[in-house]
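# A closer look at the structure
What follows is the residue order along each chain.
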Amino acid sequence: MTARPRLSHHMARGTAFLGCELAILGGAMSWVSERNLVAAISNAGGFGVIACGAMPVDLLDAEIAATKALTDKPFGVNLITMHPDLFALIDVCARHKVGHVVLAGGLPPKGSIEAIKASGAAVICFAPTLAMGKKLARSGVDALVIEGMEAGGHIGPVSTSVLAQEILPDLADELPIFVAGGIARGEAIAAFLEMGAAGVQLGTRFVCAHESIAHPDFKRAFLRASARDAVASVQIDPRLPVIPVRALKNAGTEAFTAKQVEVAQLLDQGAIDMGEAQLQIETYWAGALRRAVIDGDVENGSLMAGQSVGMVKAEEPVADILRALADEAESAFVSRG
Ligand SMILES: Cc1cc2nc3c(=O)[nH]c(=O)nc-3n(C[C@H](O)[C@H](O)[C@H](O)COP(=O)(O)O)c2cc1C
């Protein structure tokens, strides 16, 4: 790989932690981050992460094995904390000696951090606030991702720039922190590294990679979109708290409003409880994303995308995307002196 001394220096902690050349994680994206994209990112010097999503245990087992067949470089697995078989999924990762497990979708359940660490793997968690970041650090988590509301998919309420300023000065010395949400150029990567980040995580920027299996129509929607097309879903009923999802506007956006009305009515009638209501909402998203990513139904499916979608201009190989990001970051360090 090209020598980029300043970038390598600033990324040293992240690359040592991940075991790769560039401290750039390919953020796990359900249906998109499967063997091909994950292996391509890791083979090109980044760090690919498999999105387990709602996959059953045997499918994750097969996906990890297939990814190992495509790369001998390290990669991670992202597990959703509310998966009913979380501990069996952790066992599968352990059997495959996956080195890094990312826990997403809420607080890690009791025993999960310990179970992952017992297998020898590093645990990476999302920190939505400084207080939570401190708590996770105390619980033995090895690294954190802080993800702003510019990101694609499920989002929190705070922007990347504010989270970075709130969390990096207090916690960056304690453990490696990867910044995510709205990053599509190397200049921004350089800025977060200078603020103390160990590295970054990008999702949207990798969707249109050659190696991504996303449907051609899904990629076309990304190539056409600008930042303002990637909007957060709206909660229509105060009794039904739904985690907002950022996606490109389409007919599916309205269908989600209708789905919320339907679920809220079932809640009112006492036909379902809050847990079941939230499960129905999450199942809805998983299905809608699959319809768009795999089947190419870009009208009715969910086009989860971050605001950085406006900077996705072409379908290109993962290696070119990573090279551009690294070159831009190195140039930024050089010009800043
Ligand atoms: C289509 C799509 C699907 C996603 N699915 C997941 C997921 O299953 N689990 C997860 O932790 N994050 C998911 N994310 C978030 C990404 O992992 C990543 O953190 C995010 O895309 C970073 O922000 P960016 O999109 O601005 O680059 C998804 C993002 C997108 C765009």
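In this text, all values refer to a predicted model and were calculated from it rather than measured experimentally.

We now examine the overall build of the chain. The number of helices and strands found in the chain is 12 helices and 12 strands. The globule rule puts the C-alpha radius of gyration for 337 residues at 20 Å, and the 19 Å found for the chain is close to it. Seen along its three principal axes, the alpha-carbon backbone of the chain occupies a region of about 60 × 45 × 40 Å. Within the chain, the proportion of its 337 residues that are buried is 48%. Pairs at least 24 apart in sequence give 65% of the contacts found in the chain among residues at least 6 apart.

Once that is clear, we can look at the nonpolar core. Ranked by size, the top nonpolar core spans 105 residues in total, and within it Val101, Ile146, Ile177, Phe178 and Val200 carry the most contacts. For this core, the two domains that each supply at least three residues are domain 1 (5-213 + 312-335) and domain 2 (226-304). Filtering out sequence-adjacent residues up to four positions away, Ile146 remains in contact with Ala127, Leu163, Ala164, Ile167, Ile177, Val179 and Ala180.

On to unusual backbone geometry. Unusually for a residue other than glycine, Trp31 sits at a positive phi of about 70°. One can find Trp31 in the loop between strand E1 (24-26) and helix H2 (35-43). Even without being glycine, Lys97 reaches a positive phi, approximately 55°. By the element assignment, Lys97 lies in the loop between helix H4 (86-95) and strand E4 (100-104). Classification of Lys97 by C-beta neighbours within 10 Å gives exposed; the count is 11.

With that out of the way, let us pick up the domain arrangement of the chain. Each domain of the chain was delimited in the assignment, giving domain 1 (5-213 + 312-335) and domain 2 (226-304). Listed as interface residues are 11 residues of domain 1 and, on the opposing side, 12 residues of domain 2. Looking at the side of domain 1 that touches domain 2, its residues break down into 6 nonpolar, 5 polar and no charged.

Secondary-structure assignment places Phe47 in strand E2 (residues 47-51). Taking the C-alpha atoms as reference points, Phe47 and Ser30, separated by 17 residues in sequence, lie 16 Å from one another. Ignoring sequence-local partners within four residues, the contact set of Phe47 consists of Leu18, Cys20, Ile24, Leu25, Gly26, Ile41, Ser42, Pro74, Phe75 and Gly76.

On to helix H11 (residues 274-293). Between its terminal C-alpha atoms H11 stretches 29 Å, which fits the 28 Å expected from 20 residues at 1.5 Å a residue. Among all positions in H11, only Ala277, Trp285, Ala288, Leu289, Arg291, Ala292 and Val293 are buried.

So, about the environment of Gly106. In this structure, Gly106 sits in the loop between E4 and helix H5 (112-118). Put simply, Gly106 and Phe87 are 19 residues apart on the chain and 15 Å apart in space, counted from C-alpha to C-alpha. Setting aside chain neighbours within four positions, we find Gly106 in contact with Thr81 and Met82.

For the rest of this paragraph, the subject is the sheet that holds strand E6 (residues 143-147). Within the closed barrel, the 8 strands sit side by side as E1-E2-E3-E4-E5-E6-E8-E9. Their pairing is parallel. Pairs of neighbouring strands in the sheet enclose a mean axial angle of 25°, with direction left out of account. Across 2 bridges, the pairing between E1 and E2 is parallel. Each bridged residue has a counterpart across the sheet, and for Gly26 the counterpart in E2 is Gly48.

Contact pair helix H10 (residues 251-268) / H11: the axes reach a minimum separation of 10 Å and the direction vectors enclose 160°. As the angle between them shows, H10 and H11 are arranged roughly antiparallel. The handedness of the crossing between H10 and H11 comes out as right-handed. For the pair H10 and H11, the contacting residues are Gly252, Lys259, Val263, Leu266 and Leu267 in the first and Ala277, Gln280, Ile281, Tyr284 and Ala288 in the second. The residue makeup of the contact of H10 with H11, split by class, is 7 nonpolar, 2 polar and 1 charged.

The subject of this paragraph is the pairing of E4. Within a regular beta strand, the side chains point alternately toward one face of the sheet and then the other, so they alternate between its two faces. Across the 5 residues of E4, 5 count as buried, placing the element largely inside the fold. The alternating pattern of E4 places His100, Val102 and Ala104 and Val101 and Leu103 on opposite faces, both of which are buried. Pairing analysis gives 5 bridges linking strand E3 (residues 76-80) to E4, with the strands arranged parallel. Bridge assignment links Leu79 to a residue of E4, and that residue is Leu103. Taken together, E3, H4 and E4 form a β-α-β motif whose crossover is right-handed. Sheet topology places E4 next to strand E5 (residues 122-126); 4 bridges connect them, and they run parallel.

Cut-off values and rules
Per-chain numbering applies: the sequence of each chain, read as written, is numbered from 1 onward. For a predicted model such as this one, the threshold for reporting local features is a pLDDT of at least 70, and the threshold for listing and counting side-chain atom pairs is 80 or more; totals across whole chains, interfaces and linings nevertheless cover every residue. To qualify as a helix, a DSSP run of H or I must reach at least 4 residues; to qualify as a strand, a run of E must reach at least 2; elements of each kind are numbered from the N terminus. Using C-alpha atoms as the atom set, the radius of gyration is obtained and then compared with a globule rule of 2.2 Å times the number of residues to the power 0.38. Buried means a residue has 20 or more other C-beta atoms within 10 Å of its own C-beta, exposed means 12 or fewer, and partly exposed covers the counts in between; C-beta atoms are placed from the backbone. Placing C-beta atoms from the backbone, we regard two residues as in contact once those atoms come within 7 Å. To count as a nonpolar core, a set of buried Ala, Val, Leu, Ile, Met, Phe, Trp, Tyr and Cys residues must be joined through C-beta atoms within 7 Å. Segment limits for the domains were obtained from an automatic or database-derived domain assignment. Note on residue categories: nonpolar means Ala, Val, Leu, Ile, Met, Phe, Trp, Tyr, Cys or Pro, charged means Asp, Glu, Lys or Arg, and polar means any other residue, Gly included. Expected span of a helix, by definition, is 1.5 Å for each gap between consecutive residues, and there is one gap fewer than residues. A pair of strands is considered paired only if DSSP assigns at least 2 bridges between the two. Angles shown run from 0 to 180 degrees and are taken between the N-to-C directions of axes, each axis being a line fitted to C-alpha atoms and, for helices, limited to the stretch in contact. Reported orientations rely on four angle classes, namely roughly parallel under 35 degrees, roughly antiparallel over 145, roughly perpendicular from 65 to 115, and oblique for the rest. We call a crossing left-handed when the near helix sits turned anticlockwise from the far one by less than a right angle, and right-handed when that turn is clockwise. By definition, the crossover connecting two strands over a helix is right-handed if that path, from the first strand to the second, turns clockwise as seen with the strands pointing away from the viewer.

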